[in-house]
Structure formats: C-alpha cells, structure tokens
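# Residue-level structural notes
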Amino acid sequence: MSVIKRSSSRDAALQEAFGAEVAELYAQAARGQANAALQRALELRSFLAVAEEQVARVRDRVHAATAADGDMDDLSAGGMRMDAQCLEAALAGRNGYTAALDELLRTMPTPNQAAVPRAGLRPKIAATAPSAPAESRAGAVRTRRP
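The following refers to the structure shown.

Analysis parameters
- Residues numbered from 1 in each chain as written.
- Predicted model: local features only at pLDDT ≥ 70, side-chain atom pairs only at ≥ 80, totals over all residues.
- Heavy atoms only, no water.
- Core = buried A, V, L, I, M, F, W, Y, C linked by side-chain atoms within 4.5 Å.
- Buried < 20%, exposed > 50% of the residue type's maximum accessible area, 1.4 Å probe, protein only.
- Helix = DSSP H or I, 4+ residues; strand = E, 2+ residues; numbered from the N terminus.
- Contact = heavy atoms within 4.5 Å.
- Salt bridge = Lys/Arg side-chain N within 4 Å of Asp/Glu carboxyl O.

Right, let's talk about the nonpolar core for a bit. Grouped together as the largest cluster of nonpolar side chains are 17 residues, with contacts concentrated most on L14, F18, L25, L38, A41, L101 and L105. Within the residue set of this core, elements represented by two or more residues are α1 (11–18), α2 (22–30), α3 (36–65) and α4 (77–107). With six residues, α3 is the single largest residue contributor to this core. With residues near it in sequence (within four places) discarded, L101 still touches R10, L14, A41, L44, R45 and L48.

In structure tokens, the structure reads:
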C-alpha cells in the first residue's frame, strides 16, 4: 500500500497546518506546487507512516503469540527477545519521525507570513584591502608633516 493511503498519527496536524487533506498535499507535491516546508513534512510523514505500520506489525505478532488461547509450545524466549528488539527499533524510528515532524510544524512560518531574510546568511565581502605585511613596514620612520 502506498504511504499516501496509509494513515499516520500526525495527519490531523498536517491537515491543520497546510489547510488540505493529506492526499491533496501529496498531489500538490507531485505537481511541483509544494514549498520546502511541505516537501519536508510529507517526507517525514511518509517515513512515520511506515514506522507506525512496523510498530503495529510487531505488536500484533506479540499479541498473537501471547494470546490466551494460543499454544504454549509455540512460545519461544528467543523469538520474544527478537520481537522486543524489533519493537524497540520500530518505536525509536517512530518517535524520531514524530519529533522531527512536530518540530517542523511548530517552527515553520504561517502561510500568510512572508519569508524574513535572516542575518548572517549572505557572505560578507571586505571593502578594504588587506594591510601590508609587517616586513615591508619594519623600520619605517614616521615623518611629521607641517
């Protein structure tokens, strides 16, 4: 299934921030009409949707293995350790993508706010020539002008 059709836990926040349904936001990006913030948000959302699906798969596998009507002979400590490692990795990815997406949505400018140039982004060019090396001035005598 495409990530566009998968739901994620941050879809409502994206819809609120960008004023359109998630499928429409992906359509804007496909048409080349997405600004940098929307492109980054959709990329993070895609990663998040996949990570959340991985969490759900491992969770469902653990639930099935530990179901009350399950066969005790099918349980394996090694299998449960592997599932715990998989769940830990999937949750770490999900948490990272969620934090990055939340930070992006929190810090991006509002749609009606014009981009404000930031100081320090342009290279500074020196308008004066560098001073002469010390060797060429060594021993020079300053004379007084009348």
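A few words on the pattern of salt bridges. Think of it this way: side chains of opposite charge can pair up when their charged atoms draw near. Inspection of the entire model under this criterion finds nine salt bridges. Across the pair D102 and R10 runs a salt bridge, and its minimum N-O distance is 2.8 Å. Taken together, the residues span a long stretch of sequence, with D102 in helix α4 and R10 in the segment before α1 at a distance of 92 residues. Overall, the relative accessible area of 31% leaves D102 in the partly exposed class. Members of the salt-bridge network, linked through shared partners, are R6, E53 and R57.

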